[in-house]
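# Structural features, examined
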Amino acid sequence: MRGCLGFFFYIFITIWVIFGFLMFTAVRSWAFDREFYLDVVDNDALYEAIRADGLPEYLANLEIDGQPVLDANSPAFPALVEATQAILPTDFLRSTTVGLVNNLFTFFENPSTGLDLTVDLTEIKDALRGAQGDAFASTYISALAPCEGATTLPTTTLPTCLPQGVSQAQAIAVVSNYKSQLVNQIPAVWDLTDNANIDYSSLPTASLVQGVNTSFTITAIVTFVLWFFNALIGGKGFKGLLMWLGGMLFLPALIVLLSGAAFGGNVIDNIANEIITDTATSGLQASIQVQESLTLVILDALKRVGGGFLTTGIIAVVVSLVLYIMGAVMRRPNRQIEIAGYYNNSDSSNPIRPL
């Protein structure tokens, strides 16, 4: 009777509580871990792909006062890309991304302070104003081909060729002047949430990360109490208690373990193909190199997510087997039956005597 009652209690209540707790444990291992996201974005291949292939797409669509900076079909466009790449190093892209991740976790720790997703462009502006800006102009002009018919330089746009009779110094001066106008229009800080009208002061001041940790502790206590109570209902003695504890944990632990294992192999490949397909059909101007790098970053994150489920599942399965085996190999307590008054050791007349 106790076994049936324990089984139904497990099926309708305990198994779901244990499964939910294990899933919570697996997700918590990475979802609110700052280092998880910092490791994901620390990918030089992605930033190199952005510089090499994403930057040209950006410059091709860049406009100043409603006019494109330079036509992507212009023979001088590669010179603009090369000059711009010189002032936009990989370290700047990485440090900017890391800063955004840190600001996001600062928001999680106190939402009322607001979400600061800004990019400091001061370094870029200073670089354009200084020696790197001069190098920008020199690199651009040195990459220009001679003009076939033009003899003067434009004053409101970038030159697309080097006119006859115009020295490189004169051409560099024109590009430097255009560059100065461009620098003045670049904001010192680029606010990624500029259009989001949110009153952050109405949000709670408590840390979301601490709230998750507190919720995890409470969930762990409730899960253990129900798990242990269910084992007391179904098991008899310490041996039965251990076997019930191990047996009840095994199935949800195995599901979590298989979920983590499912992130490998064909599942990862299918996700990668979906990412590439969605990128290609979404209208985004992304090169093959950028798509591949972005896919690798996402797959790396998914592997880490799968690792959280896999680790949680392995630990839970091991605990389950250890508890069950300990209960299974434990000997049952010896039972002694005493029949009072059946015989008396001191009565020599009794024909039945103990050995």
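Attention in this report is confined to the structure presented alongside it.

Quick notes on the rules
- Residues numbered from 1 in each chain as written.
- Predicted model: local features only at pLDDT ≥ 70, side-chain atom pairs only at ≥ 80, totals over all residues.
- Heavy atoms only, no water.
- Helix = DSSP H or I, 4+ residues; strand = E, 2+ residues; numbered from the N terminus.
- Buried < 20%, exposed > 50% of the residue type's maximum accessible area, 1.4 Å probe, protein only.
- Areas by Shrake-Rupley, 256 points an atom, 1.4 Å probe, with all protein chains shown as cover.
- Disulfide = S-S within 2.5 Å.
- Expected span 1.5 Å × (residues − 1).
- Bend = angle between axes of the 7 residues up to and from the residue.
- Phe/Tyr/Trp six-rings, centres within 6.5 Å; stacked < 30°, edge-to-face > 60°.
- Lys NZ or Arg CZ within 6 Å of the ring centre and 35° of its normal.
- Polar contact = N/O pair within 3.5 Å; in protein donor to acceptor, adjacent residues only side chain to side chain.
- Contact = heavy atoms within 4.5 Å.
- Axes fitted to C-alpha atoms, helices over the stretch in contact; angles between N-to-C directions.
- Parallel < 35°, antiparallel > 145°, perpendicular 65-115°, else oblique.
- Left-handed = near helix turned anticlockwise from the far one by under 90°.
- Nonpolar A, V, L, I, M, F, W, Y, C, P; charged D, E, K, R; others polar.

## Some thoughts on the overall build of the protein
Tallying secondary structure elements over the protein gives 12 helices and four strands in all. Evaluated residue by residue, the protein yields a buried proportion of 35% over its 355 residues. Carbon and sulfur atoms make up 62% of the accessible area of the protein, which totals about 21,100 Å².

## Considerations on the state of the cysteines
In protein structure, a disulfide is the covalent linkage between the sulfur atoms of two cysteines. Scanning all chains against the criterion turns up one disulfide. Between the sulfur atoms of cysteine 147 and its disulfide mate cysteine 161 the distance is 1.8 Å. With the S-S bond torsion at 100°, the cross-link from cysteine 147 to cysteine 161 turns out right-handed. Of this pair, cysteine 147 sits in the loop between α7 (131–142) and α8 (168–185) while cysteine 161 sits in the loop between α7 and α8; the two residues are 14 residues apart in sequence, bridging distant segments of the chain.

## Points about the environment of alanine 220
With respect to the element layout, alanine 220 can be found in helix α9 (residues 208–234). When the C-alpha positions of alanine 220 and leucine 22 are compared, they lie 9.3 Å apart, and in sequence the two are 198 residues distant.

## Observations regarding helix α3 (residues 44–60)
Given 3.6 residues per turn, any residue in an α-helix points the same way as the ones three and four places further on. With 17 residues, α3 should reach 24 Å at 1.5 Å per residue; the first-to-last C-alpha distance of 24 Å fits that figure. At glycine 54, α3 shows its maximal bend, which comes to roughly 45°, and the proline proline 56 appears one to four places after that position. Within α3 the residues assigned to the buried category are Leu46, Tyr47, Ala49, Arg51, Leu55, Pro56 and Leu59.

## What about α9?
Given a rise of 1.5 Å per residue, 27 residues ought to cover 39 Å, and the 39 Å separating the end C-alpha atoms of α9 matches this to within 8%. By the burial criterion, the buried members of α9 are Val209, Val212, Phe216, Thr223, Trp227, Asn230, Ala231, Ile233 and Gly234.

## Section: the packing of aromatic side chains
Counting across every chain of the model gives 13 aromatic pairs. Considering the side-chain rings of tryptophan 30 and phenylalanine 36, the 5.6 Å spacing of their centres and the 50° angle between planes classify their relative orientation as tilted. Centroid distance phenylalanine 107 to phenylalanine 108: 6.1 Å. Interplanar angle 50°. Geometry classified as tilted. Looking at phenylalanine 108, the relative accessible area reads 18%, which means it is buried. Among the aromatic residues, ring-to-ring pairing joins Trp30, Phe32, Phe36, Tyr37, Phe105, Phe107 and Phe108 into one connected group. It is arginine 28 that lies over the ring of phenylalanine 216; its NZ or CZ is 4.2 Å from the centre.

## Digging into the side chain of threonine 312
Along the chain, threonine 312 falls in helix α12 (residues 288–329). A polar contact of 2.9 Å, which involves the side chain of threonine 312, links it to the backbone oxygen of glycine 308. Leave out the neighbours within four places in its chain, and threonine 312 touches Leu22, Thr25, Ala26 and Val256.

## Points about the packing of helix α2 (residues 34–41) against helix α5 (residues 90–109)
Where α2 meets α5, the axes come as close as 10 Å, and the angle between the chain directions of the two elements is 160°. The angle between α2 and α5 places the two elements in the roughly antiparallel class. With respect to the hand of their crossing, α2 and α5 are arranged in right-handed fashion. In this structure, α2 contributes Arg34, Tyr37, Leu38 and Val41 to the contact, and α5 contributes Thr97, Val98, Val101, Asn102, Phe105 and Glu109. A breakdown of the residues in the contact of α2 with α5 according to their chemical character gives six nonpolar, two polar and two charged.

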